[in-house]
Structures are given as structure tokens and as C-alpha cells.
Amino acid sequence: MSAETYVSSQTDEDFAKARNKALVNELQHILKPDEAALISFSDIKKLLKPKNEVYIGMQVVPINLIVGSEGRYQDFDNHFFPKNRFLKTRWEHIDMAHIQDVPLPPISLYELGGLYFVRDGNHRVSVAKMRGVENIDADVVSLQSEIHLKPGTTKEDMVKQVIYYEKRVFYAETNFGDITDCWTLDFSTTGQYDLIYNHILIHKYYINMDKPQEIPFEDAVASWYEHVYMPVIYAIKNHRILKLFKNRTTSDLYIYFIKYWDELKQKFGNDFSLDVAAENFKSANMDRTFMGKLKNLIAKKNLQKNLS
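Residues numbered from 1 in each chain as written. Predicted model: local features only at pLDDT ≥ 70, side-chain atom pairs only at ≥ 80, totals over all residues. Heavy atoms only, no water.

As for the overall build of the chain
Next, step 1: In terms of regular secondary structure, the chain is built from ten helices and six strands.
Next, step 2: For a compact globule of 308 residues, the expected C-alpha radius of gyration is about 19 Å, and the chain comes in at 26 Å, more than 25% above that figure.
Next, step 3: Referenced to the eigenvectors of the C-alpha coordinate spread, the extents of the chain come out at roughly 90 × 50 × 30 Å.
Next, step 4: Burial analysis of the chain (308 residues in total) assigns 42% to the buried set.
Next, step 5: Pairs at least 24 residues apart make up 71% of the contacts formed inside the chain by residues separated by at least 6 positions.
Next, step 6: Element-wise, carbon and sulfur atoms account for 51% of the exposed surface of the chain, whose accessible area totals about 18,500 Å².
Next, step 7: For the chain, the separation between the mean place of its 39 positive charges and that of its 41 negative charges on side chains is 7 Å. (Helix = DSSP H or I, 4+ residues; strand = E, 2+ residues; numbered from the N terminus. Rg over C-alpha atoms; globule rule 2.2 N^0.38 Å. Buried < 20%, exposed > 50% of the residue type's maximum accessible area, 1.4 Å probe, protein only. Contact = heavy atoms within 4.5 Å. Areas by Shrake-Rupley, 256 points an atom, 1.4 Å probe, with all protein chains shown as cover. Lys, Arg positive; Asp, Glu negative; His and termini not counted. Charge placed at Lys NZ, Arg CZ, Asp CG, Glu CD.)

Structural notes on the environment of His93
Next, step 1: Its location among the elements puts His93 in helix 3 (residues 88-99).
Next, step 2: Among the residues examined, His93 registers a relative accessible area of 48% and is labelled partly exposed.
Next, step 3: In this structure the C-alpha to C-alpha distance between His93 and Lys211, which are 118 residues apart in sequence, comes to 74 Å.

Regarding the pattern of salt bridges
Pairing between side chains becomes possible if they bear opposite charge and their charged atoms approach one another.
Next, step 1: Inspection of the entire model under this criterion finds twelve salt bridges.
Next, step 2: Salt-bridge contacts for Lys88 lead to Asp12; the nearest nitrogen and oxygen are separated by 2.7 Å. On the criterion of sequence distance, the pair formed by Lys88 in helix 3 and Asp12 in helix 1 (residues 3-28) is long-range, its members being 76 residues apart.
Next, step 3: The class for Asp12 is partly exposed, based on a relative accessible area of 36%.
Next, step 4: Here Lys88 ties to Glu92 by a salt bridge, and the two come within 2.7 Å at their closest N and O atoms. Of the two residues, Lys88 and Glu92 both sit in helix 3, four residues apart, roughly one turn of that helix.
Next, step 5: Judged by relative accessible area, which is 12%, Glu92 ranks as buried.
Next, step 6: Connected through shared salt-bridge partners, Asp12, Lys88 and Glu92 make up one network. (Salt bridge = Lys/Arg side-chain N within 4 Å of Asp/Glu carboxyl O.)

Observations regarding the environment of Glu226
Next, step 1: Mapped onto the elements of the fold, Glu226 is located in helix 8 (residues 217-238).
Next, step 2: A relative accessible area of 52% means that Glu226 is categorised as exposed.
Next, step 3: For the pair Glu226 and Thr180, spaced 46 residues apart in sequence, the C-alpha to C-alpha distance is 8.5 Å.

Focus on the packing of aromatic side chains
Next, step 1: The full count for this structure, using the stated rule, is 24 aromatic pairs.
Next, step 2: Ring geometry for Phe187 versus Tyr193: centroids 4.9 Å apart, planes at 85°, classification edge-to-face. With respect to class, Phe187 is no different from Tyr193; both count as buried.
Next, step 3: Pairing Phe257 with Phe281 gives two aromatic rings, centres 5.5 Å apart and planes at 90°, and the pair type is edge-to-face. Of this pair, Phe257 sits in helix 9 (residues 250-268) while Phe281 sits in helix 10 (residues 274-307), and the two are 24 residues apart along the sequence. (Phe/Tyr/Trp six-rings, centres within 6.5 Å; stacked < 30°, edge-to-face > 60°.)

Brief notes about the pairing of strand 5 (residues 115-120)
Next, step 1: As judged from the three bridges shared by strand 3 (residues 66-69) and strand 5, these two strands associate in the parallel manner. Its bridge partner lying in strand 5, Ile66 is registered against Tyr116.
Next, step 2: Two elements, strand 4 (residues 107-112) and strand 5, share five bridges in a ladder whose sense is antiparallel. Bridging from a neighbouring strand, Leu109 pairs with Val118 of strand 5.
Next, step 3: Between strand 4 and strand 5, which pair antiparallel one after the other, the connecting turn spans two residues, and Gly113 there sits at a positive phi close to 65°. (Pairing = 2+ DSSP bridges.)

With respect to unusual backbone geometry
Next, step 1: Phi is positive for Asp181, which is not a glycine, with a value near 60°.
Next, step 2: Its place among the elements puts Asp181 in the loop between helix 6 (176-180) and helix 7 (192-209).
Next, step 3: The phi dihedral of Arg240 falls on the positive side, at around 50°, and the residue is not glycine.
Next, step 4: With respect to the helices and strands, Arg240 occurs in the loop between helix 8 and helix 9.
Next, step 5: With a relative accessible area of 60%, Arg240 lands in the exposed category.

Describing the pairing of strand 3
Next, step 1: Sheet analysis places strand 1 (residues 39-40) next to strand 3, joined by two bridges and oriented parallel. Residue pairing for strand 3: Ser40 is matched across the bridge by Ser69.

A closer look at the side chain of Asp14
Next, step 1: Tracing the sequence through the fold places Asp14 in helix 1.
Next, step 2: There is a polar contact of 3.0 Å between the side chain of Asp14 and the side chain of Arg131.
Next, step 3: In contact with Asp14, not counting residues within four places along its chain, are Trp91, Asp95, Ile99, Met130 and Arg131. (Polar contact = N/O pair within 3.5 Å; in protein donor to acceptor, adjacent residues only side chain to side chain.)

A look at the sheet that holds strand 3
Next, step 1: Within the open sheet, the six strands sit side by side as 1-3-5-4-6-2. Their pairing is mixed. Both outer strands of the open sheet, strand 1 and strand 2 (53-62), are each paired with one neighbouring strand and no more.

Spelled out as C-alpha cells, the structure:
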């Protein structure tokens with residue numbers, strides 16, 4: 001066997017191993033496919049909302065900190081193993097260069113929140129990870145963010161980190177916990193603390209309409225919590241609405257319900273009562289939950305057929 005034939009055989013075997021790992025990873029996460037997906041840079045950019053870009057230049061970057069891609073996140077899994085056969089030719093050329101010790105140009109990365117996302121060089125990262133390479137040369141552009149993310153996490157984990165950061169900022173800036181003695185204003189999606197802050201400001205505005213002197217923000221927080229938030233929470237609990245929303249918090253339900261109630265009041269008048277709104281909200285979402293369970297049941301049966 002010639003050297004060229006040997007190298008070609010080796011790269012073919014390496015790609016097959018890498019793709020098989022991607023297939024096994026996909027099967028292991030068949031019920032939660034997002035956990036095996038490579039993270040989209042665009043999704044994380046929307047999540048963190050960086051302020052500006054700074055060109056950092058050439059860096060030696062740890063491979064384990066490269067967690068996503070700008071444009072090829074559907075072609076590789078979360079370990080950068082190739083998911084599609086059309087990647088084979090390019091992947092094997094890169095692998096051949098590694099085997100023959102041919103120098104490769106640096107990849108291009110975005111840095112955001114302490115993690116890295118590939119701009120150019122997805123195949124090179126894939127081969128490097130497959131071969132156990134620890135560091136890689138990269139041309140880096142950094143997007144400035146106050147949030148620092150932990151490596152080795154899924155997009156869902158990153159969302160939780162951002163929510164935790166938003167909660168810390170909200171509680172620190174509003175003194176919400178000390179004013180209300182409520183430390184469990186928790187959400188399952190980002191951006192909700194900004195909504196709560198706006199709700200408090202709107203509440204403050206309406207209170208001040210009937211006051212000769214503007215009330216302090218702290219008083220508005222206490223009033224909103226007692227007269228707006230807690231009555232809605234009591235209604236949600238009394239009507240046992242939370243059980244209809246899997247993996248959602250009571251505070252999530254406050255956001256959903258307030259929007260629904262406002263729509264009812266716009267349609268039927270401001271006298272539309274909290275209890276009647278809660279009952280309508282529950283009925284509407286019971287129908288939604290039933291249809292969701294039916295779709296999941298059909299999907300599971302189809303999955304069992306495909307696996308059998």
C-alpha cells in the first residue's frame with residue numbers, strides 16, 4: 001500500500017468515526033434534540049445583546065471554549081462532529097493536513113461572554129476536536145458583554161445563566177427583595193425583568209395621577225407587588241392554572257395572564273373581573289394543553305414505529 005493510499009484510507013476511517021459519533025449523539029438525545037445541537041451564534045447574540053465589537057487579533061484559543069458557529073451550526077453536532085456526508089471531502093482534506101503535518105491557516109472566531117463561535121474554520125475545529133487537539137490558532141473579534149458564560153453548556157444552560165444575571169441586576173437596582181421580602185420572582189425566559197420594571201413604572205405613573213406629589217420608586221414597588229402582582233398570583237393559584245404550564249414559573253404565569261387580561265379588558269371593558277379572567281384563561285389553556293398532549297402521543301407512537 002502506497003503512502004498516499006494509506007493516508008486516504010486513514011482519513012476515510014477518521015471521517016466515518018466522527019460521523020458515527022454524531023449519529024450516536026443524536027440517538028442519545030432523540031427526545032431532546034436541542035441538547036445535541038451546535039449553538040447558533042446568532043441566537044446567543046440575541047440573548048446577550050452585546051454593545052460593540054473589538055478586534056482582538058491572533059490568539060491561541062482552547063478548543064473546549066469553542067461552542068458554536070455563525071453559519072454552520074446545522075452541519076455539526078455540539079461536539080463539532082460532522083452530521084452530513086457532504087462534509088466528507090473538505091473534512092478529509094483537513095484531516096490529511098493534520099496527518100502530514102501541513103500547517104493550516106488560523107480559523108476566525110467571535111468571542112462572546114467568554115466563549116467562542118466559529119466565523120470561518122468549522123471543518124478545522126471539527127478535525128481538531130476529533131484528534132484531541134487542545135488549542136488552536138485563531139483570529140478573534142470580541143463582542144463586549146457584561147455576562148460571562150460557562151463552557152460546555154447547552155443553549156438552555158446559557159439561557160438560565162442570562163436569566164440569573166438579569167435577576168441579580170433587577171434585584172440590585174430596584175431593591176425589590178428588601179422592599180417586598182419576595183426573593184422568588186423567577187422566570188424561565190430572558191427579558192422578563194425588564195417587563196416587570198416597566199409594569200412598576202406604569203403603576204407608579206397611574207398612582208401619581210391622583211397624588212399632589214410624586215411617590216418614591218420604592219413605594220411604587222411595594223404598591224405594585226401588593227395591589228397588582230399578588231392578586232394575580234392568588235388567582236393563578238386558586239384556579240390551579242400553573243399545572244397547565246409545564247416547566248413554567250408562577251411569575252411566568254403572571255406575565256402571560258396580565259397580557260391576556262389586558263386583551264379582555266380592551267375587548268369587553270375595564271370592569272372585566274380578575275376571577276372571570278382567570279377562569280377564561282384556564283379554560284383556553286386547558287384546550288391548548290389537551291391538543292399538545294395529543295400531538296406528543298402521536299409523535300411518540302410514530303417514533304416507536306420508526307425504531308421497531
